[in-house]
Amino acid sequence: MASFSATSSLSFFSVRANNPQVSGRNSCLKVVSMVSARNSFTSLRTARFHVSCSARPETVEQVCEVVRKQLVLPAERPLLPNTKFSELGADSLDTVEIVMGLEEKFDIEVAEESAENITTVQEAADLIEKLILKKGA
Amino acid sequence: MALKLNPMTFQSRKYPSFSLPSMASLRSPKFVAASVLSSGPKEVENVKKPFSPPREVHVQVTHSMPPQKIELFKNLEDWAEQNILVHLKPVEKCWQPQDFLPDPASEGFHDQVKELRERAKELPDDYLVVLVGDMITEEALPTYQTMLNTLDGVRDETGASLTSWAVWTRAWTAEENRHGDLLNKYLYLCGRVDMKQIEKTIQYLIGSGMDPRTENSPYLGFIYTSFQERATFISHGNTARHAKEHGDIKLAQICGTIASDEKRHETAYTKIVEKLFEIDPDGTVLELADMMKKKISMPAHLMYDGRDDNLFEHFSAVAQRLGVYTAKDYADILEFLVGRWKVEELTGLSGEGRKAQDYVCGLPPRIRRLEERSQSRVKQSRAMPFSWIFDREVKL
């Protein structure tokens, strides 16, 4: 499994530490559960990246679904939260359609300027939760 | 094709707008080199160079067509003479700009000008902006003749080459030249627009050029021109219709006549690509998919008037709003060409060819869907001044 940035390991870790659910269905979660099993709390404190805006795993999973569908990724192909869509073969039209798919799925509206900053599953999930929060407020 | 670099440009949500299919334009570098005029030390601050027109941001790729395919075009010269040159009109039978303008040699000249100006008074500012943008596009003709002469296998090697391809290119250029001339004179006489600003814009635009990413390949080149001719046909057809609605019948005739030229040119270029599909279906469908992935950039996307850094974006927003040329037109043109070239019925394609075929055939509905979504969103309406009309504001 490719190594991933400290951000992703942290953002999942904060949620995963208490509930190590091993899900075989979605490769996103597969990655997450492996992290939590290996790391300890001390790595959280020494981390350089803050955890405050990170999304729940359910959100990440739903984003993965949309991305997989759009890019027609084979089920065995792992989808890491920080992989750039472009690395998965997405062109700019795919990315726009991914954002559209997310708008439909989560019933939100993504402003153009924000959409431009969505290049990974993680970024999408974080933004979605921010928008849902704003909507509820 | 494996040699090509295809940088992944991240598109903004405005993708469906036909303007943004062009690559984002890039401002000049942040560092200012010592200007030729100044004798002071080199400035290395983050200063934007004043009056810097946009530049192409993509990597410019050249000669992506394998050289052995050049033979193909040499072998097509006779075919081109019999099938393509026939779409040119003999000069003696051609209209000239003077046919549509006040006659300076006649006694009634001043009255004719007066009438022209009376009719033009009724034209709304947003329509004028679009007409001006179209005129500027036509006036950048040197760029388009240049572009045709970048294509391997069909370029005019001497400027007076007698190959059918070269004959076509020069005659096409000559026909197109009348379009800019006619619109220029009309706009000059109408008195509604700031000619100096327009002329400046033209000078900047010809200086900027354009790279439609045809990579010296006549496959890509003629696919591009097929698309463009149809686009200009639609666009001028719409400005003709609008002119009629605003009561300027003469202007409607002008735009309509230009549109009919474009239709004839579209017929010629699509015929060339049809022939390529016949001779080399796999190669051609791959190039069509490549061109569509890179998106058909509009010829004047680097336009600049010395004031507005996003001039093309603003101009095309108005063209979109008025329905003169829209993202839906973009999708319609692609769908038309897919039908015209019978892309869906191609057989005997390689694996990559079939992927390209699927991509191209599936693209129009995707673009339409995007455009519908974009339209359904609440838009903040914004007005923008245009230097072409003395900084009068127009809604985008």
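Residues numbered from 1 in each chain as written. Chains lettered and ligands numbered in written order. Predicted model: local features only at pLDDT ≥ 70, side-chain atom pairs only at ≥ 80, totals over all residues. Heavy atoms only, no water.

- Under an unreviewed UniProt entry, the name given to chain B is Acyl-[acyl-carrier-protein] desaturase, and the source organism is Actinidia chinensis var. chinensis.
- Under the heading Subcellular location (unreviewed entry), UniProt records this for chain B: "Plastid, Chloroplast". (UniProt positions renumbered as here; feature names shortened; annotations may be inferred.)

- The name that an unreviewed UniProt entry assigns to chain A is Acyl carrier protein, with the source organism given as Actinidia chinensis var. chinensis.
- We quote the UniProt Sequence similarities (unreviewed entry) comment for chain A here in full: "Belongs to the acyl carrier protein (ACP) family."

Description of the overall build of chain A
1) Next: Check the secondary structure of chain A and you find seven helices and zero strands.
2) Next: Ordering the α and β elements of chain A from the N terminus gives α-α-α-α-α-α-α.
3) Next: Across the 137 residues that make up chain A, the buried fraction comes to 47%.
4) Next: Considering only contacts within chain A whose residues lie at least 6 apart along the sequence, 66% involve residues at least 24 apart.
5) Next: On chain A, roughly 7,400 Å² of surface is accessible, and the fraction owed to carbon and sulfur atoms is 53%. (Helix = DSSP H or I, 4+ residues; strand = E, 2+ residues; numbered from the N terminus. Buried < 20%, exposed > 50% of the residue type's maximum accessible area, 1.4 Å probe, protein only. Contact = heavy atoms within 4.5 Å. Areas by Shrake-Rupley, 256 points an atom, 1.4 Å probe, with all protein chains shown as cover.)

Some thoughts on the pairing of strand β2 (residues 392-395) of chain B
All names here are of chain B.
1) Next: Two strands pair when backbone bridges link them, and strand β1 (residues 383-386) and β2 are joined in this way by four bridges, in the antiparallel orientation. If you follow Phe386 over to β2, its bridge partner there is Arg392.
2) Next: Between β1 and the antiparallel strand that follows it, β2, lie five residues; Phe390 among them carries a positive phi value of about 60°. (Pairing = 2+ DSSP bridges.)

Examining the UniProt feature "domain: Carrier" (unreviewed entry) in chain A
1) Next: Taken from the UniProt record, the annotation "domain: Carrier" (unreviewed entry) applies to residues 57-132 of chain A.
2) Next: When the span residues 57-132 of chain A is considered, its composition is 61% helix and 0% strand, and the gap between its end C-alpha atoms is 15 Å.

As for the UniProt feature "binding site: Fe cation 1" (unreviewed entry) in chain B
Residue and element names in this part refer to chain B.
1) Next: With numbering matched to this structure, UniProt assigns "binding site: Fe cation 1" (unreviewed entry) to Glu138, Glu176, His179 and Glu262. Spatial clustering of the annotated residues is evident: they stretch over 125 residues in sequence, but the largest pairwise C-alpha distance comes to 11.5 Å.
2) Next: Overall, the relative accessible area of 7% leaves Glu138 in the buried class.
3) Next: Setting aside anything within four residues of it in sequence, one finds Glu138 in contact with Glu176, His179, Gly180, Leu183, His236, Ile258 and Glu262.
4) Next: Judged by its relative accessible area of 5%, Glu176 falls in the buried class.
5) Next: Apart from the residues lying within four places of it in its own chain, the contact partners of Glu176 are Glu138, Leu141, Glu229, Glu262 and His265.

Quick look at the nonpolar core
One recurring pattern in soluble globular proteins: nonpolar side chains tend to sit buried together.
1) Next: Of all hydrophobic cores here, the largest spans 111 residues; its most connected members are B:Tyr186, B:Phe222, B:Phe386 and B:Trp388.
2) Next: When residues of this core are assigned to their parent elements, the largest contribution, 11 residues, is made by helix α9 (residues 249-279) of chain B. (Core = buried A, V, L, I, M, F, W, Y, C linked by side-chain atoms within 4.5 Å.)

Considering the environment of B:Pro97
All names here are of chain B.
1) Next: Considering the arrangement of structural elements, one finds Pro97 in the loop between α2 (77-83) and α3 (109-121).
2) Next: Taking the relative accessible area as the measure of exposure, Pro97 reaches 8% and is therefore buried.
3) Next: Each C-alpha atom of the pair Pro97 and Leu183 lies 8.4 Å from the other, and the pair is 86 residues apart in sequence.
4) Next: Excluding anything up to four places from it in sequence, Pro97 contacts Arg178, Asp181 and Leu182.

A short note on the environment of B:Ala231
Residue and element names in this part refer to chain B.
1) Next: The topology assignment puts Ala231 in helix α8 (residues 218-245).
2) Next: By relative accessible area, which is 4% here, Ala231 ends up buried.
3) Next: If we ignore the near neighbours within four places in the chain, the residues touching Ala231 are Tyr325 and Ile333.

Thoughts on the packing of α9(B) against helix α12 (residues 327-340) of chain B
All names here are of chain B.
1) Next: For the pair α9 and α12, the least separation of the axes is 11 Å and the interaxial angle reads 50°. Between α9 and α12, the interaxial angle falls into the category oblique. Crossing angle aside, the handedness with which α9 passes α12 is right-handed. Taking contact as the criterion, the partners of Glu266, Thr270, Lys271 and Glu274 in α9 are, on α12, Phe336, Leu337 and Arg340.
2) Next: Counted by class, the contact of α9 with α12 contains two nonpolar, one polar and four charged residues. (Axes fitted to C-alpha atoms, helices over the stretch in contact; angles between N-to-C directions. Parallel < 35°, antiparallel > 145°, perpendicular 65-115°, else oblique. Left-handed = near helix turned anticlockwise from the far one by under 90°. Nonpolar A, V, L, I, M, F, W, Y, C, P; charged D, E, K, R; others polar.)

Looking at the state of the cysteines
Residues and elements named next belong to chain B.
1) Next: Under the definition given, this model contains zero disulfides over all chains.
2) Next: Free cysteine Cys255: the closest other cysteine sulfur is in Cys190, separated by 12 Å.
3) Next: Judged by its relative accessible area of 1%, Cys255 is buried. (Disulfide = S-S within 2.5 Å.)

Comments concerning the pattern of salt bridges
1) Next: Counted under the stated rule, the structure contains 34 salt bridges over all chains.
2) Next: The partner of B:Asp126 in a salt bridge is B:Arg321, and the shortest N-O contact between them spans 3.1 Å. Of this pair, B:Asp126 sits in helix α4 (residues 125-139) while B:Arg321 sits in helix α11 (residues 311-322), and the two are 195 residues apart along the sequence.
3) Next: Note on B:Asp126: relative accessible area 17%, which makes it buried.
4) Next: Note on B:Arg321: relative accessible area 34%, which makes it partly exposed.
5) Next: Between B:Arg368 and B:Glu335 there is a salt bridge, with the nearest N and O atoms lying 2.8 Å from each other. Here the residue B:Arg368 occupies a position in helix α13 (residues 351-376), and B:Glu335 occupies one in helix α12, the gap between them amounting to 33 residues.
6) Next: Salt bridges linked by common partners bring A:Glu103, A:Glu104, B:Arg369, B:Arg373 and B:Arg377 together as one network. (Salt bridge = Lys/Arg side-chain N within 4 Å of Asp/Glu carboxyl O.)

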